[in-house]
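Per-entry structural report
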Amino acid sequence: MNSLLKLIVAGTAIPAILLAATETASAQMAMPDACKSASSMSGDMKMPGGMQTGEMADHQKAMMESMQKMHPAMMQGMMAKDPDVAFVCGMIGHHMGAISMSEVELKYGDDEQAKSMAQKIIDAQKKEIEGMSAWVKEHAK
């Protein structure tokens, strides 16, 4: 297991990765301020091994579980020797994570507009995964 994956699994890198992602986003794709709450960056969570989630609600735990499944799948996909295959395989893992997070919204969410967005994400990402999977089957050597 590479060192980045070890850090993520250990849970020590998650706040730093999330912070870096929000800081490096382009101006057009910047993370909304409401998504950058101090509580979301608290150090009160540890990932597998000593799964300590503090006072997380069920939906938060489910989202974290989705992320835990998504990151290894993305990283494994991105290890392909061909850069195009690595990109597409990594994106398949990423899209699978988006579907999983959207399913959490459908299960726990109350807002009909948010639930509608989640369903649209599921529908679109499944179609994209089908297309990317077909591309990989044709192009991966």
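Quick summary incoming for the structure in this document. (Residues numbered from 1 in each chain as written. Predicted model: local features only at pLDDT ≥ 70, side-chain atom pairs only at ≥ 80, totals over all residues. Heavy atoms only, no water.)

**Section: the overall build of the chain**
- In terms of regular secondary structure, the chain is built from 5 helices and 0 strands.
- Scored against the burial criterion, the 141 residues of the chain give a buried share of 28%.
- Of the roughly 9600 Å² that the chain leaves accessible, carbon and sulfur atoms contribute 60%. (Helix = DSSP H or I, 4+ residues; strand = E, 2+ residues; numbered from the N terminus. Buried < 20%, exposed > 50% of the residue type's maximum accessible area, 1.4 Å probe, protein only. Areas by Shrake-Rupley, 256 points an atom, 1.4 Å probe, with all protein chains shown as cover.)

**Digging into the nonpolar core**
- If you look at the biggest cluster of nonpolar residues, it comprises 7 residues: Val88, Ile92, Ile99, Ile122, Ile129, Met132 and Val136.
- Contributing elements (two or more residues each) for this core: α4 (83-108) and α5 (112-139).
- The biggest single contributor to this core is α5, with 4 residues.
- When neighbours within four sequence positions are excluded, Met132 is seen to be in contact with Val88, Met91, Ile92 and His95. (Core = buried A, V, L, I, M, F, W, Y, C linked by side-chain atoms within 4.5 Å. Contact = heavy atoms within 4.5 Å.)

**Description of the packing of α4 against α5**
- Interaxial distance between α4 and α5 falls to 8 Å at its minimum, and their mutual angle equals 155 degrees. As summarised for this structure, α4 and α5 are arranged roughly antiparallel, according to the angle between their axes. Crossing of α4 against α5: the hand is left-handed.
- Its residues assigned to classes, the contact of α4 with α5 comprises 17 nonpolar, 6 polar and 6 charged. (Axes fitted to C-alpha atoms, helices over the stretch in contact; angles between N-to-C directions. Parallel < 35°, antiparallel > 145°, perpendicular 65-115°, else oblique. Left-handed = near helix turned anticlockwise from the far one by under 90°. Nonpolar A, V, L, I, M, F, W, Y, C, P; charged D, E, K, R; others polar.)

**Some points on the packing of helix α3 (residues 58-77) against α4**
- The interhelical angle for the contact between α3 and α4, taken along N-to-C directions, is 170 degrees, at an axis separation of 8 Å. Considered as vectors, α3 and α4 are oriented roughly antiparallel to each other. Residues Asp58, His59, Ala62, Met63, Ser66, Met70, Ala73, Met74 and Gly77 of α3 lie in contact with α4, whose contacting residues are Val85, Ala86, Cys89, Gly90, Gly93, His94, Gly97, Ser100, Met101, Val104, Glu105 and Tyr108.
- Partitioned by chemical class, the residues of the contact of α3 with α4 number 11 nonpolar, 8 polar and 2 charged.

**Things to note about the environment of Asp123**
- Structurally, the position occupied by Asp123 is in helix α5.
- Since its relative accessible area comes to 40%, Asp123 is described here as partly exposed.
- Side-chain polar atoms of Asp123 contact the side chain of Gln119, separated by 2.9 Å. (Polar contact = N/O pair within 3.5 Å; in protein donor to acceptor, adjacent residues only side chain to side chain.)

**Remarks on α5**
- Along its 28 residues, α5 runs 40 Å from first to last C-alpha, staying within 8% of the 40 Å computed at 1.5 Å per residue.
- Looking at α5, one finds that the buried residues are Ala118, Ile122, Gln125, Ile129, Met132 and Val136.
- Buried positions along α5 lie against α4.
- At the N-terminal end of α5, a side-chain oxygen is found 3.0 Å from the backbone nitrogen of Gln113, two or three residues along, and the residue is Asp111. (Expected span 1.5 Å × (residues − 1).)

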